[in-house]
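Spelled out, the chains give:
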Amino acid sequence: MNIAIDGPAGAGKSTIARLAAKELGFIYVDTGAMYRAIALYLLDSKTDIENIDAVKQALDNININIVYDKGVQHVFLNLQDVSAEIRSEKVGNMASRSSAIKEVREKLLSLQRDIAEKNDVIMDGRDIGTNILPNAELKIYLTASADVRAKRRFDELKNAGEWPDFEKIKADIINRDEQDMSREIAPLRQADDAVLVDSSDMSISEVVDSIVALANERR
């Protein structure tokens, strides 16, 4: 069984998908982490993403592997575990820009579909239900207001010992929404057959319970 969870940045997709997968006994596939791994390489190699030839050359040098250890996904970029490094705001913003490039998406498409074909998975991202897994048995569009999403990210960074700027975080989220929704290739949108879940006024456990219940109904 395949479950697709799409939605904007900061909606809680990764947290919700990971917990729901554990509850259902599914594999959790964080596609955003794959795009972030590519973004990390593009940043480190100082690749000009406006130069498609340079991007293509960079992609030829990128090898991404997904390893699951006790149900936890680890992302390896050229044999190095970058699961922690890819979570920075800088990498996230680059991932939003670079994921709009056709060649970047094509590189990851086959890997994502192969994992889903062989396993019961919950996969989250921006275009899972509309593009990656259009035949998924359950599609969720998970969202929340920009203020709520910014506050969640603010708290996450503060708890990590950083001193974040709430207004900048909110502006970045709104900007990323615009980038993700307006890109020509696989833009962020709610699939016609997706269930809308607005988590603005819901606890994590409430969202997880609702998704698990929907999944059990469709098994």
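For the structure, check the block above.
Residues numbered from 1 in each chain as written. Predicted model: local features only at pLDDT ≥ 70, side-chain atom pairs only at ≥ 80, totals over all residues. Heavy atoms only, no water.

(A) A look at the overall build of the protein chain. The number of helices and strands found in the protein chain is 9 helices and 8 strands. On C-alpha atoms alone, the protein chain measures out to a radius of gyration of 17 Å, which is about the 17 Å that the 2.2 N^0.38 rule sets for 219 residues. Referenced to the eigenvectors of the C-alpha coordinate spread, the extents of the protein chain come out at roughly 45 × 40 × 35 Å. The burial tally for the protein chain puts 47% of its 219 residues in the buried class. For the protein chain, contacts bridging at least 24 residues in sequence account for 74% of all contacts bridging at least 6. Split by element, the accessible area of the protein chain, about 11,000 Å² in all, is 48% carbon and sulfur. (Helix = DSSP H or I, 4+ residues; strand = E, 2+ residues; numbered from the N terminus. Rg over C-alpha atoms; globule rule 2.2 N^0.38 Å. Buried < 20%, exposed > 50% of the residue type's maximum accessible area, 1.4 Å probe, protein only. Contact = heavy atoms within 4.5 Å. Areas by Shrake-Rupley, 256 points an atom, 1.4 Å probe, with all protein chains shown as cover.)

(B) How the structure looks around the sheet that holds strand E3 (residues 64-69). Read from one edge of the open sheet, 3 strands run E3-E4-E5, paired in antiparallel fashion. Bordering the open sheet on either side are E3 and strand E5 (80-81), each of which pairs with just one other strand. Pairing of E3 with strand E4 (residues 72-77), which is carried by 6 bridges, proceeds in the antiparallel orientation. Directly across from Ile66, in E4, lies its bridge partner Val75. In the packing of helix H2 (residues 31-44) onto the sheet, the strands contacted are E3 and E4, and the crossing angle to E4 comes to about 25°. (Pairing = 2+ DSSP bridges. Axes fitted to C-alpha atoms, helices over the stretch in contact; angles between N-to-C directions.)

(C) Structural context of the side chain of Arg183. Assignment of secondary structure puts Arg183 in the loop between helix H8 (166-182) and strand E8 (195-198). For Arg183, the side chain forms a polar contact with the side chain of Ser99, separated by 3.2 Å. (Polar contact = N/O pair within 3.5 Å; in protein donor to acceptor, adjacent residues only side chain to side chain.)

(D) Broad picture of the packing of helix H4 (residues 89-98) against H8. Interhelical geometry of H4 versus H8 gives an angle of 20° and a closest axis separation of 9 Å. In terms of axis orientation, H4 runs roughly parallel to H8. The handedness of the crossing between H4 and H8 comes out as left-handed. Here Glu89, Gly92, Asn93, Ser96 and Arg97 of H4 come into contact with H8, specifically with Asp172, Arg176, Gln179 and Asp180. In terms of residue class, the contact of H4 with H8 is built from no nonpolar, 4 polar and 5 charged. (Parallel < 35°, antiparallel > 145°, perpendicular 65-115°, else oblique. Left-handed = near helix turned anticlockwise from the far one by under 90°. Nonpolar A, V, L, I, M, F, W, Y, C, P; charged D, E, K, R; others polar.)

(E) Main features of the pattern of salt bridges. Tallying each qualifying case throughout the model produces 13 salt bridges. One salt bridge connects Asp177 with Arg149, and the closest N-O pair in it is separated by 2.7 Å. In this pair, Asp177 is assigned in helix H8 and Arg149 in helix H7 (residues 146-159), connecting sequence segments 28 residues apart. A single network of salt bridges, built from pairs that share partners, joins Glu89, Arg153 and Glu156. (Salt bridge = Lys/Arg side-chain N within 4 Å of Asp/Glu carboxyl O.)

(F) Layout of H8. Taking 1.5 Å per residue as the helical rise, H8 with its 17 residues ought to reach 24 Å, and the 24 Å between its terminal C-alpha atoms agrees with that figure. Inspection of H8 places Ile169, Asp172, Ile173, Arg176, Asp177 and Asp180 among the buried residues, and these make up the whole buried set. An end-on view of H8 places all buried positions within 140° of arc, on one side of the element. Across H8 from its buried face, at more than 90 degrees, point the exposed residues Glu167 and Lys168. Where H8 begins, one side-chain oxygen reaches toward the backbone nitrogen of Glu167, 3.0 Å away; that side chain belongs to Asp165. (Expected span 1.5 Å × (residues − 1). Arc of directions from axis to C-beta.)

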